[in-house]
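# A look at the structure
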Amino acid sequence: MSTSDVTKDGVTGQREGRDALIGQGTGRGGRRKRRGEQAMVPEAEFTSYYGKPVLNAPVWAAADVAAYLFLGGLAGAGSVLAAGAELTGRPAAARALKISSLVAIAGSAAALIHDLGRPARFVNMLRVMKPTSPMSVGSWVLAAYGPAAGAAAVLDVTGLFKPLGRAATVGAAALGPVVATYTAVLIADTAVPAWHEGYREMPLVFVGSGTAAASGVALLAAPAAETAPMRSAAVLGAGLDLAAARLMERRLGMLAEPYRQGKAGKLMRAAEILSVAGAAGGALLGGRSRIAAALGGAALLAGSACTRFGIFHAGMRSAQDPKYTVVPQRERANARDTAKTGGA
Amino acid sequence: MSGLVGRNLLAGAEPDVAKDAGYPDAPPRMGFFTDTSVCIGCKACEVACKEWNSVPEDGLEFTGMSYDNTQGLGADTWRHVAFIEQDKPVGNADSGVRWLMASDVCKHCTHAACLDVCPTGSLFRTEFGTVVVQEDICNGCGYCVPACPYGVIDQRKEDGRVWKCTLCYDRIGDGLEPACAKACPTDSIQFGPLDELRERAAARVDQLHGMGVEDARLYGHDPEDGVGGDGAFFLLLDEPEVYGLPPDPVVTTRDLPSMWRHAGVAAAALVAGAAALFTVHGRLGGRR
């Protein structure tokens, strides 16, 4: 029943809060401020269509695609370290890394296929070779890398066809860096603001994160006598990961917000703590204590996984909030208009 | 194909997309001009599109936010009529509200990110310069979904594949206009050769400015914009973001060469770093 009445003097007796929300989006209104949270910068003013996102967010599942980002980095960087270990007389470390690369790349292929809307059609990925599609490039790289990594691991474990095993090891090491970095291009080549605008630093984050994870495997599975280079690699990898991520966030400006807030923020902070703890523990104590090495290795792996899941969720959030699409584009458009009209 | 060598085909103006895509004797590029100043929000376009293309139901939801219960474009919504109520007088009135209505659709970009990133070749450029999904090839990888700067293409959950406006590829090939344009009672949706539509749109903006409608502006008409101009462009009465459109969209693949360069540096750093580390730590005792 309506309680309002239309009279000559206007409308009377309206209920509070039932006016149509005119024009401006409603995205800002409903958000609760958490206690004690002080905004350092004023909330950006912007217009949207009822707070609805401009973009359609990725349909990818975190359990598939974020896991794939982690496993791809682990596999690719692992193959590089495996070749280094083998060529410098560290066979146990080399074998552990080859096995982890095979398991990781098999797992990532399974995750990718599982994430398809039509898994039975996964072979269509190799229907064309398309340089404008990082996913097409990646599919072909994986088609070459997978068998190489597989042969390297199987021939090492069985001890069969040693020259062929060596060739597969070197081949996997040559493709490994591409496997570890192309995924950064894959996610950056989208309209997702927090991913696209971070395209300069993202490959460095991924290389660092992948190297730290692969070093973690060596610390976990290989005898301490062989892991000295991997302990250094853990420090360098974790350092590069953190430094590049910091640099990326600084350059992203307001688009760094999704990396600092919510689920992504928690994951990124956890990644920092785990990576630093893992690298420091592994480097300082990993040479003496088998347990410290294993703990450090596990922390490095967990830290790398947190980085990838954090980046994944930050991207999702930046796609779901129209603010991150509209504000940077509006600023760009206004700057161009100002330049055109000579500041008038 | 020699005409393609040495040109940047990832961004910037591209006068003949169909020819560059491999059609030697392509018909003129076809598109939509949606003049939102005469849209009455009847949603006949939404209905006609669904009927002709057999697009499934997209959720019978009551949003409570406005007369718009469709909310946005997606796998099962290829035309979407936006509805905005503003505290702004119309014409010469001193006060009052105005209603903005606009029928949104796939932009059929000159540089279409969805098409660029599709790994299977399912998305392709037609002889009319439009962008269409081949549903018998799409494997549902979903890469095109976040690639689109306009939030148009999306995955149909129960089906797994992606769907979007085809600019009624099956109709225009037979000389018919697309279903939405055919059904539009006010000619807000106009279909035709893109060159002609751009001329008509420029004249319409001038006419509206002459009538005192200073807000009128075109959106997506400029071949120099971030996507090389849209095949489906609009006349709007407010900023694009008011209608849920991005104010300055850029095709993500414009930056792809730079992305690969940065990835190359990172990959090289991995190889060089590993080589340096193993050299410094040296070879372990005799046996190999």
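Reading the values: rules and limits
- In every chain, residue numbers begin from 1 and rise along the written sequence.
- Chains carry letters from A onward and ligands carry numbers from 1 onward, assigned in written order.
- Per-residue local features of the predicted model are confined to residues with pLDDT of at least 70, and side-chain atom pairs are confined, for both listing and counting, to 80 or more; whole-chain, interface and lining totals are unaffected and use all residues.
- Each helix is a run of DSSP H or I of at least 4 residues and each strand a run of E of at least 2, with the numbering of both proceeding from the N terminus.
- Here a residue counts as buried when 20 or more other C-beta atoms fall within 10 Å of its C-beta, as exposed when 12 or fewer do, and as partly exposed in between; the C-beta atoms come from the backbone.
- Any pair of residues counts as being in contact when their C-beta atoms, constructed from backbone geometry, are within 7 Å of one another.
- UniProt positions are given in the numbering used here, feature names are shortened, and annotations may be inferred rather than shown by experiment.
- Asp, Glu, Lys and Arg are counted as charged, while Ala, Val, Leu, Ile, Met, Phe, Trp, Tyr, Cys and Pro are counted as nonpolar; the rest, among them Gly, fall into the polar class.
- In this scheme, a helix's expected span is set at 1.5 Å multiplied by one less than its residue total.
- To obtain an axis, a line is fitted to C-alpha atoms, over the contacting stretch when the element is a helix, and the angle between two such axes runs from 0 to 180 degrees between their N-to-C directions.
- By the definition adopted for this analysis, an angle is roughly parallel if under 35 degrees, roughly antiparallel if over 145, roughly perpendicular if from 65 to 115, and oblique otherwise.
- Here a crossing is called left-handed whenever its near helix is offset anticlockwise from the far helix by less than a right angle, and right-handed whenever the offset is clockwise.
- Each pair of strands is called paired provided DSSP finds at least two bridges between the two strands.
- By definition, a nonpolar core groups buried Ala, Val, Leu, Ile, Met, Phe, Trp, Tyr and Cys residues that are joined through C-beta atoms within 7 Å.

### Quick look at the overall build of chain B
Looking only at helices and strands, chain B has 8 helices and 10 strands in total. For the C-alpha atoms alone, the extent of chain B along its principal axes is close to 90 × 45 × 40 Å. Here chain B, with 288 residues, has 50% of them falling under the buried criterion. Taking as baseline every contact in chain B between residues at least 6 positions apart, the subset at least 24 positions apart corresponds to 61%.

### Re the overall build of chain A
A tally of helices and strands in chain A yields 11 helices and 2 strands. Going from the N terminus to the C terminus, chain A shows its helices and strands as β-β-α-α-α-α-α-α-α-α-α-α-α. In chain A, which comprises 344 residues, the share counted as buried stands at 55%. When contacts within chain A are restricted to residue pairs at least 6 apart in sequence, long-range pairs at least 24 apart make up 76% of them.

### Here we look at the UniProt feature "binding site: [4Fe-4S] cluster 3" (unreviewed entry) in chain B
Per the UniProt record, the feature "binding site: [4Fe-4S] cluster 3" (unreviewed entry) sits at Cys 106, Cys 109, Cys 114 and Cys 148 of chain B. For the residues just named, distributed over 43 residues, the greatest C-alpha separation is only 11.1 Å, placing them together at one site. Assignment of secondary structure puts Cys 114 of chain B in helix H3 (residues 113-117). Mapping Cys 148 of chain B onto the fold places it in the loop between helix H4 (144-147) and strand S6 (154-155). Among the residues examined, Cys 148 of chain B registers 28 C-beta atoms within 10 Å and is labelled buried. Leave out the neighbours within four places in its chain, and Cys 148 of chain B touches Asn 56 and Ala 191 of chain A together with Ala 113, Cys 114 and Ile 153 of chain B.

### Concerning the interface of chain A and chain B
Accessible area lost when the parts come together is the quantity often used to give the size of an interface. With 72 residues of chain A at the contact, the number on the chain B side is 65 residues. Going through the elements one at a time, helix H1 (62-87), helix H3 (134-158), helix H4 (162-188), helix H6 (202-221), helix H7 (228-252) and helix H11 (322-340) of chain A are the ones with two or more residues in the side of chain A that touches chain B. The element contributing the most residues to the side of chain A that touches chain B is H4 of chain A, with 8 residues. Among the residues forming the side of chain A that touches chain B, the class breakdown is 41 nonpolar, 20 polar and 11 charged.

### A few points about the UniProt feature "binding site: [4Fe-4S] cluster 2" (unreviewed entry) in chain B
All names here are of chain B. Mapped onto this structure's residue numbering, the UniProt feature "binding site: [4Fe-4S] cluster 2" (unreviewed entry) falls at Cys 49, Cys 165, Cys 168 and Cys 180. A stretch of 132 residues holds the annotated residues, and the largest C-alpha distance among them is 10.6 Å, short enough that they meet in one place. Residue position: Cys 49 is located in helix H2 (residues 44-53). According to the C-beta neighbour criterion, Cys 49 is buried, with 24 such atoms within 10 Å. Look past the residues within four positions of Cys 49 in its chain and what remains in contact with it is Val 55, Trp 78, Arg 79, Ala 179 and Cys 180. In this fold, Cys 168 is placed in the loop between strand S7 (162-163) and helix H5 (169-172). If near-sequence neighbours (up to four positions away) are discounted, Cys 168 is found in contact with Trp 52, Pro 178 and Ala 179.

### Overview of helix H9 (residues 262-285) of chain A
The terminal C-alpha atoms of H9 of chain A lie 34 Å apart, and with 24 residues this matches the ideal 34 Å at 1.5 Å per residue to within 8%. Those residues of H9 of chain A that are buried lie in contact with H6, H7, helix H8 (257-260) and helix H10 (290-320) of chain A.

### Here's the deal with the UniProt feature "transmembrane region" (unreviewed entry) in chain A
Residue and element names in this part refer to chain A. According to UniProt, the feature "transmembrane region" (unreviewed entry) maps to residues 65-85, 97-116, 137-155, 167-192 and 204-222 in the numbering used here. Between the first and last C-alpha atoms of residues 65-85 the distance is 30 Å; the span itself is 100% helix and 0% strand. The distance separating the terminal C-alpha atoms of residues 167-192 is 40 Å; by composition the span is 85% helix and 0% strand.

### Remarks on the packing of H4 of chain A against helix H8 (residues 256-281) of chain B
Taken N-terminus to C-terminus, the directions of H4 of chain A and H8 of chain B make an angle of 155°; their axes are 9 Å apart at the nearest point. The angle between H4 of chain A and H8 of chain B falls in the class roughly antiparallel. By crossing handedness, the relation of H4 of chain A to H8 of chain B is classed as right-handed. Between H4 of chain A and H8 of chain B, the residues in contact are Pro 177, Val 178, Ala 180, Thr 181, Tyr 182, Ala 184, Val 185 and Ala 188 of chain A and Met 259, Trp 260, Ala 263, Ala 266, Ala 267, Leu 270 and Val 271 of chain B, respectively.

### Points about the packing of H1 of chain A against H8 of chain B
One can describe the packing of H1 of chain A onto H8 of chain B by two numbers: an axis separation of 10 Å at closest approach and a directional angle of 30°. Classified by the angle between their axes, H1 of chain A and H8 of chain B sit roughly parallel to one another. Helix-helix and strand crossings are classified by hand; for H1 of chain A and H8 of chain B the assignment is right-handed. Contact residues: H1 of chain A offers Ala 77, Val 80, Leu 81 and Gly 84 of chain A, while H8 of chain B offers Leu 270, Val 271, Ala 274 and Phe 278 of chain B. Split into classes, the residues belonging to the contact of H1 of chain A with H8 of chain B amount to 7 nonpolar, 1 polar and no charged.

### Focus: the sheet that holds strand S8 (residues 189-193) of chain B
All names here are of chain B. Spatial ordering of the open sheet is given by S8-S1-S10-S9, a layout of 4 strands whose pairing is mixed. On the outer flanks of this sheet lie S8 and strand S9 (217-219), each paired with one strand and no other. Between one strand axis and the next, the sheet turns through 25° on average, direction left out of account. In terms of strand pairing, strand S1 (residues 30-35) meets strand S10 (residues 232-236) through 4 bridges, oriented parallel. Bridge pairing in S10 places Asp 35 opposite Leu 235.

### Topic: the nonpolar core
The biggest cluster of nonpolar side chains holds 193 residues, and the ones touching the most others in it are Leu 81, Leu 97, Ala 218 and Ala 234 of chain A together with Cys 114, Cys 144 and Cys 148 of chain B. In terms of residue count, H1 of chain A provides more of this core than any other element does, 15 residues in total. With sequence-adjacent residues up to four places away left out, Cys 114 of chain B is seen in contact with Leu 123, Val 131, Cys 144, Ala 147, Cys 148 and Ile 153 of chain B.

### Description of H6 of chain A
The terminal C-alpha atoms of H6 of chain A lie 29 Å apart, and with 20 residues this matches the ideal 28 Å at 1.5 Å per residue to within 8%. In terms of burial, H6 of chain A is largely enclosed, as 19 of its 20 residues are buried.

### Regarding unusual backbone geometry
Residues and elements named next belong to chain B. Although it is not a glycine, Lys 43 adopts a positive phi angle of roughly 70°. Structurally, the position occupied by Lys 43 is in the loop between S1 and H2. The exposure class assigned to Lys 43 is buried, which follows from the 21 C-beta atoms found within 10 Å.

### Description of the environment of Val 227 of chain B
All names here are of chain B. Summarising the element assignment, Val 227 is placed in the loop between S9 and S10. Judged by C-beta crowding, with 25 C-beta atoms within 10 Å, Val 227 ranks as buried. Measuring from C-alpha to C-alpha, the distance between Val 227 and Leu 10 comes to 8.9 Å, with 217 residues separating the pair along the chain. Once you skip the residues sitting within four places of it in the chain, Val 227 turns out to touch Cys 109, Thr 110, His 111, Pro 149, Pro 249 and Val 251.

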